[in-house]
Amino acid sequence: MKAIIFDLDGVICFTDKYHYIAWKKLADKNGIYFDEEINNRLRGVSRMDSLEIILERADRTYTAEEKEAMAAEKNASYVELLKEMSPADLSDEVKNTLDELRNRGYKLAIGSSSKNTKMILKQIGLGEFFDAVSDGTNITKSKPDPEVFLKAAEFIGENPADCLVVEDAKAGIEAATAGGFKSAGLGEATEHPSVTYKLGSFKDLLEICI
Ligand code: BG6
Ligand code: MG
């Protein structure tokens, strides 16, 4: 393995609660039922695909223009919440592990569906850390399509077979496998049948990437 491609949300930092608050506000305003269980289904899913999942509970259909406006409104609330993030939202475990992996000579990249990736990295103090960032702004197909990881591999000039993808979402493991990457899963991602390595904790990467 020459490089490691990290998902952002749920791997490097935790934004689930902010997504939840922002989607809940939008859902409540529109009289649509939404809860934490539905929020869990949004993990790794793009903004527009997330909205479609939320609208499964709506009692009317929405036009494309209305959907665009709803997604923009949710994102505006979400971005307000992201402004509260700081380097304190990056755990010592993640920071120390990343530093050690860099010392061991691995190229390190991000592969995230989020269009807010660069803002989040900046907020937590990793704005300049990664060798490449592939995110929601440079893809047309969201996970489980492998595009975001294939772009990350291209940005760092490595073959997928030489890269490890680290993911917390099943859709992310699916994407990694489809792209020809090895994968390391955290949380629910460990349950995916094609996951290569199951991690109990982020620092366990140091036992795989030696
Ligand atoms: C992923 C999250 O990283 O980004 C999803 O796991 C989210 O929950 C997706 O929907 C898109 O995020 P954004 O910031 O572009 O709305
Ligand atoms: Mg994730």
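The rules we used
Note on numbering: residues in each chain are counted from 1, in written sequence order. Both sets of labels track the order of writing: A upward for chains, 1 upward for ligands. Reporting of local features is limited, given that this is a predicted model, to residues whose pLDDT is at least 70; pairs of side-chain atoms are given and counted only at 80 or more, and all residues count toward the totals for whole chains, interfaces and linings. Based on all heavy atoms of the structure, the side-chain values leave hydrogens and waters out of the count. Counted as donors are N, O and S atoms no farther than 2.8 Å from the metal, or 3.2 Å for Na, K and Ca; water is not among the atoms, and sites may therefore look incomplete. Working definition: residue near molecule or strand if any one of its non-hydrogen atoms lies within 4 Å of it. For the purposes of these results, a polar contact is taken to be a pair of N or O atoms within 3.5 Å, where, inside protein, one atom must be able to donate a hydrogen and its partner to accept one; residues adjacent in sequence count only when each atom of the pair is a side-chain atom. Residue burial considers only the protein chains on display, and all accessible areas are found by Shrake-Rupley using a 1.4 Å probe. Residues are said to line a cavity or pocket when one of their atoms sits within 4 Å of a point; the points come from a 1 Å grid over protein atoms alone, cavities being sets where a 1.4 Å probe fits but cannot get out and pockets being open sets with protein on both sides within 12 Å along at least five of seven lines. Molecule-in-pocket calls rest on the fraction of atoms, with more than half required to lie within 2 Å of the cavity or pocket grid points. Polar here means any residue outside two lists: the nonpolar Ala, Val, Leu, Ile, Met, Phe, Trp, Tyr, Cys and Pro, and the charged Asp, Glu, Lys and Arg; Gly therefore counts as polar. In this document the domain limits rely on a domain assignment from an automatic tool or a database. Buried residues are those whose accessible area, probed at 1.4 Å on protein chains only, stays under 20% of the maximum for their type, while exposed residues exceed 50% and partly exposed ones sit between those limits. Every helix listed is a DSSP run of H or I at least four residues long, and every strand listed is a run of E at least two residues long, numbered separately from the N terminus. At least two bridges found by DSSP between two strands are what make those strands a pair. Here the term right-handed applies to a crossover when the path leading from its first strand over the helix to its second strand runs clockwise, the strands being oriented away from the viewer. Whether two residues are in contact is decided by their heavy atoms, any of which lying within 4.5 Å being enough. Grid points are joined across faces, edges and corners, and a volume is the space filled by probe spheres set on the points. Pairing of aromatic rings covers Phe, Tyr and Trp, the last through its six-membered ring, and needs centres within 6.5 Å; plane angles under 30 degrees mean stacked, over 60 mean edge-to-face, and all others mean tilted. We count a charge as sitting over a ring when the NZ of a lysine or the CZ of an arginine lies within 6 Å of the ring centre and within 35 degrees of the ring normal.

A. Representation of the coordination of the magnesium ion (ligand 2) in the model. In this structure, Asp7 (OD), Asp9 (O) and Asp168 (OD) serve as the protein donors to the magnesium ion (ligand 2), at separations of 2.0 to 2.2 Å. Mapping the donors of the magnesium ion (ligand 2) onto the primary sequence gives the spacing D-x1-D-x158-D.

B. Main features of the site of ligand 1. What surrounds ligand 1 is a group of 15 residues, the closest being Asp9, Val45, Ser114, Lys115 and Asn116. Separating an oxygen atom of ligand 1 from a backbone N or O atom of leucine 42 is a distance of 2.8 Å. In this structure, an oxygen atom belonging to ligand 1 sits 2.6 Å away from a main-chain N or O atom of valine 45. Burial of ligand 1 by the protein amounts to 98% of the accessible area it has alone, namely 400 Å². If you map ligand 1 onto the pockets, it falls in the largest pocket. A class-by-class count of the residues in the shell around ligand 1 yields three nonpolar, eight polar and four charged. For the shell around ligand 1, the domains that each give at least three residues are domain 1 (3–13 + 87–208) and domain 2 (16–82).

C. Layout of the pairing of strand E2 (residues 107–111). Of all five residues that make up E2, four are buried, and the element is covered over most of its length. Taken together, the four bridges between strand E1 (residues 3–6) and E2 define a ladder with parallel strand orientation. Among the inter-strand pairings, isoleucine 4 is bridged to a residue of E2, identified as leucine 108. Summarising the sheet, E2 and strand E3 (residues 132–134) pair through three bridges and their orientation is parallel. Among the inter-strand pairings, isoleucine 110 is bridged to a residue of E3, identified as valine 133. Viewed along the sheet, the connection from E2 through helix H6 (residues 117–123) into E3 turns out right-handed.

D. View of the environment of leucine 150. Its place among the elements puts leucine 150 in helix H7 (residues 147–156). Taking the C-alpha atoms as reference, leucine 150 lies 26 Å from glutamine 123; in sequence the two are 27 residues apart. Setting aside chain neighbours within four positions, we find leucine 150 in contact with Pro160, Gly179 and Phe181.

E. Molecular detail of H7. Those residues of H7 lying buried are Glu147, Val148, Phe149, Ala152, Ala153 and Ile156. Here the buried face of H7 lies against E1, E2, E3, strand E4 (163–167) and helix H8 (170–178). Immediately beyond the C-terminal end of H7, within one or two residues, lies glycine 157, with a positive phi of roughly 70°.

F. The arrangement of the layout of surface pockets in detail. Each pocket or cavity is described by its volume, and for the largest pocket that value is around 590 Å³. Taken together, 33 residues form the lining of the largest pocket, with Val45, Ser46, Arg47, Ser113 and Ser114 sitting closest to its centre. Looking at the lining of the largest pocket, you find at least three residues from each of domain 1 (3–13 + 87–208) and domain 2 (16–82).

G. Main features of the packing of aromatic side chains. Inspection of the entire model under this criterion finds five aromatic pairs. An angle of 25° between the planes, with centres 5.5 Å apart, marks the rings of tyrosine 20 and phenylalanine 34 as stacked. Here tyrosine 20, found in helix H1 (residues 16–29), pairs with phenylalanine 34, found in the loop between H1 and helix H2 (36–40); they are 14 residues apart in sequence, far enough to count as distant. Cluster of aromatic residues (ring-pair linked, three or more members): Phe6, Phe129, Phe130 and Phe202. A cation over an aromatic ring shows up here: lysine 17 above the ring of tyrosine 18, its NZ or CZ 4.7 Å from the ring centre.

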